[in-house]
Amino acid sequence: MFKYQVSACNEIGFKLLLFLAIVMVTWQATSPLPEDHQPLINDKLGHLAVFFTLAVIVDHAFATTRFNLKKFAWLVAYGLAIEGLQYYVPSRHFSLLDMAANTVGIAVYWLLFTTLIHRQPTPRQANKEAGF
C-alpha cells in the first residue's frame, strides 16, 4: 500500500488547481460544439477521466478530511449542474449516461484511494479526529 501526506502548502496549490479546473471544465462543457465535431476518444471515457481527475484534485484540495460521501456528493452535484446547463446550450444535451460516467469516475477514484493508496492524515486532520 502506498502512503503519503499532503502539506498545507500543497493543499493551497490544489485549491488553486481546483478553481482553474472548475473554470476550464465548466467553460468546455457549456461551449457549443461545432457541427462537424468528432470526439477523439469515447465521450463516456472522457467524462470518467475528467471526474476521476476532479476527485483527485478535490481530495487533495481539502486534505484535512478523507475522501468521503460529502466530497463524492459535491462532485456528483457539480456533474448534474453541468449536465443541466448543457440542456440550454446549442448542440449539447442532458445525458443520464454522461452522469453515470461522471459518477463512475468519482467512484473509481474512491475505490482506488481506499484500497491501494492511503493518504496519511495531516497533523490538522489527526488533531481534528482526536478531538483537539
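Just so it is clear, the structure is predicted and the values come from calculations on it, not from any experiment.

About the thresholds
- Residues numbered from 1 in each chain as written.
- Predicted model: local features only at pLDDT ≥ 70, side-chain atom pairs only at ≥ 80, totals over all residues.
- Heavy atoms only, no water.
- Helix = DSSP H or I, 4+ residues; strand = E, 2+ residues; numbered from the N terminus.
- Buried < 20%, exposed > 50% of the residue type's maximum accessible area, 1.4 Å probe, protein only.
- Contact = heavy atoms within 4.5 Å.
- Salt bridge = Lys/Arg side-chain N within 4 Å of Asp/Glu carboxyl O.

Visitor: Before we go on, may I ask you to explain the overall build of the protein in this structure?
Guide: For the protein, the count of helices and strands is five helices and two strands. Reading the helices (α) and strands (β) of the protein from amino to carboxyl end gives β-α-α-α-α-β-α. Looking at the 132 residues of the protein, the share that counts as buried comes to 33%. Nonlocal contacts in the protein, meaning residues at least 24 apart in sequence, comprise 81% of its contacts between residues at least 6 apart.

Visitor: What's the story with the side chain of N102 in this structure? I'm lost.
Guide: Mapped onto the fold, N102 is located in helix α4 (residues 96-115). Since its relative accessible area comes to 3%, N102 is described here as buried. Residues contacting N102, with those up to four places away along its chain left out, are H47, F51, G79 and E83.

Visitor: Teacher, can you tell me more about the pattern of salt bridges here?
Guide: A side chain with one charge may pair with a side chain of the opposite charge, provided their charged atoms come close. Under the criterion given, the structure shown has four salt bridges. We note a salt bridge from D43 to K44, for which the minimum N-O separation is 3.0 Å. Under the relative-accessibility criterion, D43 is labelled partly exposed at 38%. A salt bridge links K44 to D98; its shortest N-O distance comes to 2.7 Å. Taken together, the residues span a long stretch of sequence, with K44 in helix α2 (residues 43-61) and D98 in helix α4 at a distance of 54 residues. The class for K44 is partly exposed, based on a relative accessible area of 30%.

Visitor: Even after reading the chapter, I still don't get unusual backbone geometry, so can you show me in this structure?
Guide: Among all residues save glycine, negative phi is the norm, and among peptide bonds the norm is trans. One non-glycine residue, S91, lies in the positive phi region at around 70 degrees. The topology assignment puts S91 in the loop between α3 (69-86) and α4. Residue class for S91 comes out partly exposed when judged on its relative accessible area of 47%.

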